[in-house]
Amino acid sequence: QVQLVESGGGLVQAGGSLRLSCAASGSSFSINTMGWYYQAPGKQRELVATITIGGTPNYAHPVKGRFTISRDNAKSTVYLQMNSLKPEDTAVYYCYAEGWTGGRHYENWGQGTQVTVSS
């Protein structure tokens, strides 16, 4: 079983910055794509950004130019640097990872971390 643990959420004023981290743990696993999704109250979970094992990022349009995703493969950790935050970025942010463990493919989610941006 691969577990994802997020950290770094909190309350910040509009225009501020936050950095989220997500560490994967388990036994005998590999990770292909890692990423972040967010879910605002009453809305569906939506893509924020993903990053491949080779480091190629993909961003949702609303966060392009403001957020940066990165990963440390040696630490099985993905980061999300969020700058120029807006009130509409307020949501629960979920870490995502997919890969292989025990010969089976997995897609796992973290427990979520709250990000609140005040105006």
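Data block above holds the structure.
Bear in mind the structure is a predicted one, so any value in this text is a computation, not a measurement.

What to know about the packing of aromatic side chains
In step 1: For the structure on display, the rule yields 4 aromatic pairs.
In step 2: When the ring of Tyr37 is compared with that of Trp109, the centres are 5.0 Å apart and the planes differ by 70°; the resulting orientation is edge-to-face. One end of the pair, Tyr37, is in strand E4 (residues 29-39); the other, Trp109, is in strand E10 (residues 104-109), with 72 residues separating them in the sequence.
In step 3: Centre to centre, the rings of Tyr38 and Tyr93 are 5.3 Å apart; their planes meet at 70°, and the pair counts as edge-to-face. With Tyr38 in strand E4 and Tyr93 in strand E9 (residues 91-101), the pair connects residues that are 55 residues apart, well separated along the chain. When sorted by exposure, Tyr38 lands in the same class as Tyr93, which is buried.
In step 4: Through a chain of ring-to-ring contacts, the aromatic side chains of Tyr37, Tyr96 and Trp109 assemble into a single cluster.

Observations regarding the state of the cysteines
In step 1: Scanning the model with the defined rule gives 1 disulfide in all.
In step 2: The disulfide bridge from Cys22 ends at Cys95, spanning 2.0 Å between sulfur atoms. Linking Cys22 and Cys95, the disulfide has an S-S dihedral of approximately -85° and is accordingly described as left-handed. Taken as a pair, Cys22 in strand E3 (residues 18-25) and Cys95 in strand E9 lie far apart in primary sequence, 73 residues in all.

Observations regarding the pattern of salt bridges
In step 1: A complete count under the given rule lists 1 salt bridge for this structure.
In step 2: In this structure, the salt-bridge partner of Asp89 is Arg66, at a minimum N-O distance of 2.8 Å. Taken together, the residues Asp89 in the loop between strand E8 (77-82) and E9 and Arg66 in the loop between strand E6 (57-59) and strand E7 (67-72) connect sequence positions 23 residues apart. Arg66 matches Asp89 in its accessibility class, with the two residues each being buried.

Details of the pairing of E10
In step 1: Here E9 pairs with E10 via 6 bridges, running antiparallel. When the bridges of E10 are listed, Trp100 appears paired with His105.
In step 2: Between E9 and E10, which pair antiparallel and follow one another directly, the connecting turn spans 2 residues, one of which, Gly102, has a positive phi of 60°.

Brief notes about the nonpolar core
In step 1: Counting residues in each nonpolar core, the largest one holds 29 residues, and the members touching the most others are Trp36, Val48, Leu80, Met82 and Tyr93.
In step 2: Elements represented by at least two residues in this core include exactly E3, E4, strand E5 (46-51), E7, E8, E9 and strand E11 (113-118).
In step 3: In this structure, Leu80 is in contact with Leu18, Arg19, Leu20, Trp36, Val48, Phe67, Thr68, Ile69 and Tyr93, ignoring residues within four places of it in sequence.

Let's talk about the side chain of Glu98
In step 1: Structurally, the position occupied by Glu98 is in strand E9.
In step 2: Discounting residues that sit within four places of it in the chain, Glu98 has contacts with Ile31, Asn32, Thr33, His105, Tyr106 and Glu107.

A word on unusual backbone geometry
In step 1: One non-glycine residue, Ser28, lies in positive phi territory at about 50°.
In step 2: One can find Ser28 in the loop between E3 and E4.
In step 3: Judged by relative accessible area, which is 67%, Ser28 ranks as exposed.
In step 4: Even without being glycine, Ser76 reaches a positive phi, approximately 50°.
In step 5: Here Ser76 lies in the loop between E7 and E8.
In step 6: Note on Ser76: relative accessible area 16%, which makes it buried.

Reading guide: rules and limits
Residues numbered from 1 in each chain as written. Predicted model: local features only at pLDDT ≥ 70, side-chain atom pairs only at ≥ 80, totals over all residues. Heavy atoms only, no water. Phe/Tyr/Trp six-rings, centres within 6.5 Å; stacked < 30°, edge-to-face > 60°. Helix = DSSP H or I, 4+ residues; strand = E, 2+ residues; numbered from the N terminus. Buried < 20%, exposed > 50% of the residue type's maximum accessible area, 1.4 Å probe, protein only. Disulfide = S-S within 2.5 Å. Salt bridge = Lys/Arg side-chain N within 4 Å of Asp/Glu carboxyl O. Pairing = 2+ DSSP bridges. Core = buried A, V, L, I, M, F, W, Y, C linked by side-chain atoms within 4.5 Å. Contact = heavy atoms within 4.5 Å.

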